[in-house]
Amino acid sequence: MSPTLDLRVAVRPGRTVLTVAGELDMDTAPHLAEATGTIDLHRRTLTLDLSAVTFIDSSGLNALLALRHRVGLAGGALELTGLRDQPLHLLDLTETRPLFTLRLGH
């Protein structure tokens with residue numbers, strides 16, 4: 001059985017919230033890129049609610065870094081919320097945590 005990634009988009013004034021659930025890994029990272037490819041990022045904040053993400057591997061991290069770059073080019077901002085221990089540990093281990101705006105409280 002392949003891991004799945006559940007994505008839900010909510011558009012609000014000046015902000016888009018993408019709720020992500022499941023594992024963000026080699027099999028599912030392309031789904032995140034595909035889903036965010038249709039979102040208007042121009043001067044908007046994209047909030048990724050990752051509170052239901054149980055695991056992120058290097059492919060998932062690469063997808064987040066690529067998304068951060070794309071949002072920046074569009075003059076927007078990327079915000080990560082609700083990260084669990086494993087994703088936070090990955091960001092710390094790879095020293096990429098300072099590259100992201102994190103909101104850890106709910």
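Refer to the structure printed above.
Nothing here was measured: the structure is a model prediction, and the numbers come from that model.

J.: A description of the side chain of Thr 16 should follow, citing residues and the corresponding values.
T.: One can find Thr 16 in strand S2 (residues 15-24). What makes Thr 16 buried here is its relative accessible area of 3%. In this structure the side chain of Thr 16 is engaged in a polar contact, spanning 3.1 Å, whose partner is the side chain of Arg 44. Filtering out sequence-adjacent residues up to four positions away, Thr 16 remains in contact with Val 9, Ala 10, Val 11, Ile 39, Asp 40, Arg 44, Thr 45, Leu 46 and Thr 47.

J.: Quick one: what's the story with the pairing of strand S1 (residues 5-12), residue by residue and with numbers?
T.: Two elements, S1 and S2, share eight bridges in a ladder whose sense is antiparallel. Bridge pairing links Arg 12 to Arg 15 in S2. Between S1 and S2, which pair antiparallel one after the other, the connecting turn spans two residues, and Gly 14 there sits at a positive phi close to 75°.

J.: Kindly report on the pattern of salt bridges, identifying the contributing residues and their values.
T.: Evaluated as defined, the whole model comprises four salt bridges. Across the salt bridge formed by Glu 79 and Arg 15, the nearest N and O atoms sit 3.1 Å from each other. You can see Glu 79 sitting in strand S4 (residues 77-81) and its partner Arg 15 sitting in strand S2, a full 64 residues away along the chain. The exposure class assigned to Glu 79 is buried, which follows from its relative accessible area of 10%. Among the residues examined, Arg 15 registers a relative accessible area of 28% and is labelled partly exposed. The partner of Glu 79 in a salt bridge is Arg 103, with the nearest N and O atoms 2.8 Å apart.

J.: Kindly report on helix H3 (residues 85-93), identifying the contributing residues and their values.
T.: Where H3 is concerned, the buried positions are Pro 87, Leu 88, Leu 90 and Leu 91. Down the axis of H3, the smallest arc covering the buried residues is 155°, so these residues share one side. Opposite the packed face of H3, turned more than 90 degrees from it, sit the exposed residues Asp 85, His 89 and Leu 93. Residues of H3 that are buried make contact with strand S3 (45-56), helix H2 (58-73) and strand S5 (101-103). Phi turns positive one or two residues past the end of H3, at Glu 95, with a value near 55°.

Rules used throughout
Residues numbered from 1 in each chain as written. Predicted model: local features only at pLDDT ≥ 70, side-chain atom pairs only at ≥ 80, totals over all residues. Heavy atoms only, no water. Helix = DSSP H or I, 4+ residues; strand = E, 2+ residues; numbered from the N terminus. Buried < 20%, exposed > 50% of the residue type's maximum accessible area, 1.4 Å probe, protein only. Polar contact = N/O pair within 3.5 Å; in protein donor to acceptor, adjacent residues only side chain to side chain. Contact = heavy atoms within 4.5 Å. Pairing = 2+ DSSP bridges. Salt bridge = Lys/Arg side-chain N within 4 Å of Asp/Glu carboxyl O. Arc of directions from axis to C-beta.

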